[in-house]
Amino acid sequence: MEEYKCAFSNTLVTGQFGCEKAEQVTRRGGPDVVCSSDQAHQECEKLFQRMKQAALPAFGVEDDLLSMPHSVLVKIQFGGLLGLHRLQGNGTDESAVVKNIHGLVGQAIGKHGGLDAIPCQAFVEDMTSYKLKRRR
């Protein structure tokens, strides 16, 4: 079986969010999450790329792994999922959690008629205003 690194792995590693397709793995660098479904992985990866494309101009950074802060990617993952959650009518609270990322993405695809029709621009503010949790 091929392993597909989850596009929203940062949200899952914290244990704050969940996904029915996620599988915890241990790598040399620590815990990680892979997707058990090729189709789910493709959908989430495409959605994450669209979120990133919509949000990077608002953050004022380019899509360059050497210069883009890791915190920007984390804000896009957390804020993007919370914004999508809000857009689907599931709540507006930043303390909300997404219990099933795969289910949320499927719900959004059904509501908007396809992955490309999901209005990622509508939740850019959720991504830019997301507050990272401080390490203890």
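You'll find the structure just up there.
Residues numbered from 1 in each chain as written. Predicted model: local features only at pLDDT ≥ 70, side-chain atom pairs only at ≥ 80, totals over all residues. Heavy atoms only, no water.

A word on the overall build of the protein chain
From N to C terminus, the protein chain includes 5 helices and 3 strands. Reading the protein chain from its N end, one meets helices and strands in the order β-α-β-β-α-α-α-α. Considering only C-alpha atoms, the protein chain reaches an extent of 35 × 35 × 25 Å along its principal axes. Going through the 136 residues of the protein chain one by one, you find that 45% of them count as buried. (Helix = DSSP H or I, 4+ residues; strand = E, 2+ residues; numbered from the N terminus. Buried < 20%, exposed > 50% of the residue type's maximum accessible area, 1.4 Å probe, protein only.)

Considerations on helix H2 (residues 38–59)
Given a rise of 1.5 Å per residue, 22 residues ought to cover 32 Å, and the 30 Å separating the end C-alpha atoms of H2 matches this to within 8%. Buried-residue contacts for H2 involve strand S1 (4–5), strand S3 (30–35), helix H3 (70–87), helix H4 (101–112) and helix H5 (124–129). In this structure serine 37 caps H2, since a side-chain oxygen of it lies 3.5 Å from the backbone nitrogen of glutamine 39. In the stretch just after H2, glycine 60 is the one whose phi turns positive, near 75°. (Expected span 1.5 Å × (residues − 1). Contact = heavy atoms within 4.5 Å. Polar contact = N/O pair within 3.5 Å; in protein donor to acceptor, adjacent residues only side chain to side chain.)

Regarding the sheet that holds strand S2 (residues 22–27)
Pairing within the open sheet is antiparallel, and its 3 strands lie in the order S1-S3-S2. The open sheet terminates on both sides in strands that have one partner only, identified here as S1 and S2. Here 2 bridges tie S1 to S3, and the two strands are oriented antiparallel to one another. Residue tyrosine 4 lies in a different strand from S3, and its bridge partner there is cysteine 35. (Pairing = 2+ DSSP bridges.)

Looking at the pairing of S3
Burial within S3 is extensive, with 5 of its 6 residues counted as buried. Sheet topology note: the S2/S3 ladder contains 6 bridges and is antiparallel. The residue of S3 that forms the bridge with threonine 26 is proline 31. The hairpin turn running from S2 into S3, its antiparallel successor, is 2 residues long.

Side note on the pattern of salt bridges
The final tally for this structure, using the stated rule, is 4 salt bridges. For aspartate 32, the salt bridge is made with lysine 5, and the minimal N-O distance between the two is 2.9 Å. Residue aspartate 32 is found in strand S3, and its partner lysine 5 is found in strand S1; the two are separated by 27 residues along the sequence. With relative accessibility at 45%, the residue lysine 5 sits in the partly exposed group. In this structure, aspartate 126 and arginine 86 form a salt bridge, with 2.6 Å as the shortest nitrogen-oxygen distance. Residue aspartate 126 is located in helix H5, and its partner arginine 86 is located in helix H3; the two are separated by 40 residues in the primary sequence. (Salt bridge = Lys/Arg side-chain N within 4 Å of Asp/Glu carboxyl O.)

Description of the packing of aromatic side chains
Per the stated rule, a full pass over the model turns up 3 aromatic pairs. Their ring planes at 80° and their centres at 5.9 Å tell us that phenylalanine 8 and phenylalanine 48 sit as a pair that is edge-to-face. In this pair, phenylalanine 8 is assigned in the loop between S1 and helix H1 (9–13) and phenylalanine 48 in helix H2, connecting sequence segments 40 residues apart. The pair phenylalanine 8 / phenylalanine 48 is uniform in exposure class, with both members buried. With centroids separated by 5.3 Å and ring planes inclined at 15°, the aromatic side chains of phenylalanine 78 and tyrosine 130 adopt a geometry described as stacked. Residue phenylalanine 78 is found in helix H3, and its partner tyrosine 130 is found in the segment after H5; the two are separated by 52 residues along the sequence. Residue phenylalanine 78 is classed as buried on the basis of its relative accessible area of 4%. An aromatic cluster of at least three residues, connected via ring pairs, comprises Phe17, Phe78 and Tyr130. (Phe/Tyr/Trp six-rings, centres within 6.5 Å; stacked < 30°, edge-to-face > 60°.)

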